[in-house]
Amino acid sequence: MEKLKSTTPNIINKTQMDITKAHPLIPCDLIISSSSWRTKVQSRLLCALAPLRGLSTYIIYLLLFPFQLYGQAPVTSLDSILSEIEQHHATLKAYELKAKSYAYSAESASSWMAPMVGGGTFMTPYPGQSVMDGRDKGSIMFQLEQSIPNPAKQKAKQRYIHSQGDIELAERLVILNDLKAQAKTIYYNWIIAEQRINLLQENDILMRKMKQVEEVRYTYSKTLLANVFKAEARIAENQNMLDMQKAEIAKSRAWLNALMNRPGNSPLNIDSSQVPRFVPATSLDTLALADKRKDISRMNAEIESMKMGIDAMKSESKPEFKIRFDHMSPLGSMMPQAYSAMAMVSIPIAPWSSKMYKSEAKAMEMNSLAMQEQRKAMLVESQGMLYGMQAEIRNMEKRILNMKEKIIPALQRAFDANFQAYSENRQELPAILSDWEALNMMKDNVLDEKQKLYQMIVSYEKELYR
């Protein structure tokens, strides 16, 4: 153990020298200096393991840092999040329950009215009246009445009610598409925030290195004290921006948990390598769009429901039936027991009653035609919007590629050249800061453009209901 203690510092020092030679701007001491005691130990051990490669590095890492593997939340893919939303989001469950309620209501449409039973007197004289004969005493009457609905009317009404449930299920798919688009936007914003954090951490290392150089220069009267303070201010500003991105990730985690119907503080990590890829639709004709878009499917369900409603309204022209049975038990002994049986039928074709359902059916037909025209307009508008999105996405991809392959490398070379002169005491800090700001701003612009591109892809997929 004593031998290991005496050997470990030598290994760490040698490894730091190797890393400093390979990466002169990122020495191990600089990374370790701003960490907690536990992170310092881990960082020094990682620096010592940096030259190692292959399976041995992985095994040693598992042995040295087991506590890091147990405290972290498992990585959740975007597909898993979308699946959780579809299964557990409360709003989607509400639409499923509404659809089931219409199914039960449709079953009730085939039921009959309850029978009516009554009892009383029939042709009974008022008290105080003189009765000349026993048959004038009247009778005790019992009555039974039952309405018999028209089966065709019941079936038409049942189909109409059931079609209301289809509208709710179609609306559920529309809401699901909106929720998926919202989750994708949050997921990709999280990815951009992590990329910004990586950029800001690189800037922090660089600024701390420049601050150290300025402190050494000031000691030998080679620079102004203000340059040291400028570097310190840049470090603090960079830390503020780093905190902002961490807050963005915390907010995204809470929102994604809420969409999955979980507590907002539940542990959640995402796969930051899962960036969206633009896949243009093979066909954008209106027939293909009508099959893909769930809002069109909802309008189709509404139009079909209107047709069912028109059929139900027209079925009001069919008659309904009623039967009644009366039984009379006379109060006098001279009269026999008697009964009365009647069958009744309604006459809905009478002019004063047919006007109601005929006018209502005509109004529903006009609404159905209006919705069909609305559907055509939506398809044409969606087609034009998708073509425009495709062109904009391709243009954004070209712009980002140009920034990454041409502009940033040129700025990087300019910064490296000036930094080399700065390292040789032939350049001042303000010039280096100017080059660094231009390079950093361009990298930040690339991330902004990526975020806009991801959002555009999400909107494109939302229009296609992918």
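Residues numbered from 1 in each chain as written. Predicted model: local features only at pLDDT ≥ 70, side-chain atom pairs only at ≥ 80, totals over all residues. Heavy atoms only, no water.

Draft legend 1. Structural detail: the packing of aromatic side chains. Using the criterion set out here, one finds six aromatic pairs in the structure. A ring pair is formed by phenylalanine 415 and phenylalanine 419, whose centres lie 5.7 Å apart and whose planes are at 35°; its orientation type is tilted. Taken together, the residues span about one helical turn, with phenylalanine 415 and phenylalanine 419 both in helix H12 (residues 351-423) at a distance of four residues. Given a relative accessible area of 3%, phenylalanine 415 falls into the buried group. An aromatic cluster is present here, built from Tyr187, Tyr188 and Tyr454 joined pairwise through their rings. Above the plane of the ring of tyrosine 95 lies lysine 98, whose end atom (NZ or CZ) is 5.2 Å from the centre. (Phe/Tyr/Trp six-rings, centres within 6.5 Å; stacked < 30°, edge-to-face > 60°. Helix = DSSP H or I, 4+ residues; strand = E, 2+ residues; numbered from the N terminus. Buried < 20%, exposed > 50% of the residue type's maximum accessible area, 1.4 Å probe, protein only. Lys NZ or Arg CZ within 6 Å of the ring centre and 35° of its normal.)

Draft legend 2. Just the packing of H12 against helix H13 (residues 429-464), in detail. At a minimum axis distance of 9 Å, the contact between H12 and H13 shows a crossing angle of 160°. Taken as axis vectors, H12 and H13 run roughly antiparallel relative to one another. In the crossing of H12 with H13, the sense of the turn from one axis to the other is left-handed. Grouping the amino acids of the contact of H12 with H13 by side-chain chemistry returns 26 nonpolar, six polar and 10 charged. (Axes fitted to C-alpha atoms, helices over the stretch in contact; angles between N-to-C directions. Parallel < 35°, antiparallel > 145°, perpendicular 65-115°, else oblique. Left-handed = near helix turned anticlockwise from the far one by under 90°. Nonpolar A, V, L, I, M, F, W, Y, C, P; charged D, E, K, R; others polar.)

Draft legend 3. Expanded view of the pattern of salt bridges. A complete count under the given rule lists 23 salt bridges for this structure. Three or more residues joined by partner-sharing salt bridges are found here, namely Lys153, Glu316 and Glu320. (Salt bridge = Lys/Arg side-chain N within 4 Å of Asp/Glu carboxyl O.)

Draft legend 4. Geometry of the pairing of strand S2 (residues 116-122). Burial runs low along S2: only zero of the seven residues are buried. Across seven bridges, the pairing between S2 and strand S3 (residues 139-148) is antiparallel. Directly across from methionine 116, in S3, lies its bridge partner glutamate 145. (Pairing = 2+ DSSP bridges.)

Draft legend 5. View of the sheet that holds strand S6 (residues 338-345). Taken together, the four strands give an open sheet; going across it, the order is S2-S3-S5-S6, and neighbouring strands pair in antiparallel fashion. In this open sheet, the two strands that pair with only one neighbour each are S2 and S6. Neighbour to neighbour, the strand axes of the sheet diverge by 15° on average, direction disregarded.

Draft legend 6. Main features of the confidence of the model for the protein. Residues of the protein with pLDDT of at least 70 account for 84%, and the chain-wide mean is 81. For the stretch residues 1-71, pLDDT sits under 50, and the model shows 50 contacts to residues farther than four places along the chain or on other chains. (pLDDT = per-residue confidence, 0-100. Contact = heavy atoms within 4.5 Å.)

Draft legend 7. Local environment of unusual backbone geometry. With a phi close to 55°, methionine 123 is a non-glycine residue in the positive phi region. In this structure, methionine 123 sits in the loop between S2 and S3. Phi is positive for tyrosine 465, which is not a glycine, with a value near 55°. Exposure remark for tyrosine 465: the relative accessible area of 15% places this residue in the buried category.

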